[in-house]
Amino acid sequence: MNFLAHLHLSGNDEAVMVGNFIGDFVKGRDLKAQFGEGIARGVELHRAIDEFTDRHAIVKQSKARLWPTYRHYSAVIVDIFYDHFLAADWNDHSGEPLDQFAQRTYQLMASHNHILPEQVKYMLGYMIRGNWLVNYAQVEGIQRALTGMSRRATFESKMEQAVEDLRKYYGEFQSDFRLFFPELKSFSETWRSQQ
């Protein structure tokens, strides 16, 4: 899953939200020593969400649609596609309007700037200026996200072309997301309640 899903699946715990947001940029196991208990739990939740997602049959089905063209970048593209459907269906998943959730999130991350990894600090400025979390709801916002990621990819990824696959198989990806996300949400709620 991508940023919006990770943030949403954190519940109302702000420290967990921060940890879940930075999870891809944090290495190592001794997370409590680095960040304290709440943020460490967020990083651990991020890793658990990624593991659950990567192993899920529906997600594998989504990735298989993209595999011939994008190979190992298929997983990244599916994560972004799923954030699009979460943003587009946001009112089905949250009582808080998406623009309010986004602004609250940006303020929360800015208030934790002192602990954010350097890559996150750099990216956060672009995220806020481009209002990524809200703009994921539009196909054009997904196009911008994929183009930006393509520029940063180590190898040729063709990710900037993937929005055409989103348009072509929109109904199929949407159906996959709507079947998968309730299971991921249930998994995340159970994980948080047991920690």
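In short, a report on the structure. The structure presented is a predicted model; accordingly, all values stated were derived computationally and were not measured. (Residues numbered from 1 in each chain as written. Predicted model: local features only at pLDDT ≥ 70, side-chain atom pairs only at ≥ 80, totals over all residues. Heavy atoms only, no water.)

## Quick word on the layout of surface pockets
So, step 1. Taken as a whole, the largest pocket encloses approximately 1,100 Å³ of empty space.
So, step 2. Taken together, 35 residues make up the lining of the largest pocket; nearest its centre are Phe3, Phe25, Met123, Met149 and Arg152.
So, step 3. Only α1 (3-8), α4 (37-55), α5 (57-70), α6 (74-88), α9 (118-130), α10 (132-135) and α11 (139-152) provide two or more residues apiece to the lining of the largest pocket.
So, step 4. Sort the elements by how many residues they give to the lining of the largest pocket and α11 lands first, with eight residues.
So, step 5. Among the residues making up the lining of the largest pocket, the classes are represented as 17 nonpolar, nine polar and nine charged.
So, step 6. Its boundaries defined by the atoms lining it, the second largest pocket holds a volume of some 190 Å³.
So, step 7. Elements represented by at least two residues in the lining of the second largest pocket include exactly α8 (98-111) and α13 (170-194).
So, step 8. Residue contributions to the lining of the second largest pocket peak at three residues, all from α13. (1 Å grid on protein atoms, 1.4 Å probe; cavity = no way out; pocket = protein on both sides within 12 Å on 5 of 7 lines; lining within 4 Å. Points joined across faces, edges and corners; volume = space filled by probe spheres on them. Helix = DSSP H or I, 4+ residues; strand = E, 2+ residues; numbered from the N terminus. Nonpolar A, V, L, I, M, F, W, Y, C, P; charged D, E, K, R; others polar.)

## What to know about α13
So, step 1. Counted at 1.5 Å a residue, the expected span for α13 with its 25 residues is 36 Å, and the 36 Å between its end C-alpha atoms agrees.
So, step 2. Its axis deflected by about 30° at Phe180, α13 carries its strongest bend there, up to four residues before the proline Pro182.
So, step 3. Restricting attention to buried positions, one finds in α13 the residues Phe173, Gln174, Asp176, Phe177, Phe180, Phe181, Leu184, Ser188 and Trp191.
So, step 4. Taken together, the buried residues of α13 touch α1, α4, α5, α6, α7 (90-93) and α12 (162-168). (Expected span 1.5 Å × (residues − 1). Bend = angle between axes of the 7 residues up to and from the residue. Buried < 20%, exposed > 50% of the residue type's maximum accessible area, 1.4 Å probe, protein only. Contact = heavy atoms within 4.5 Å.)

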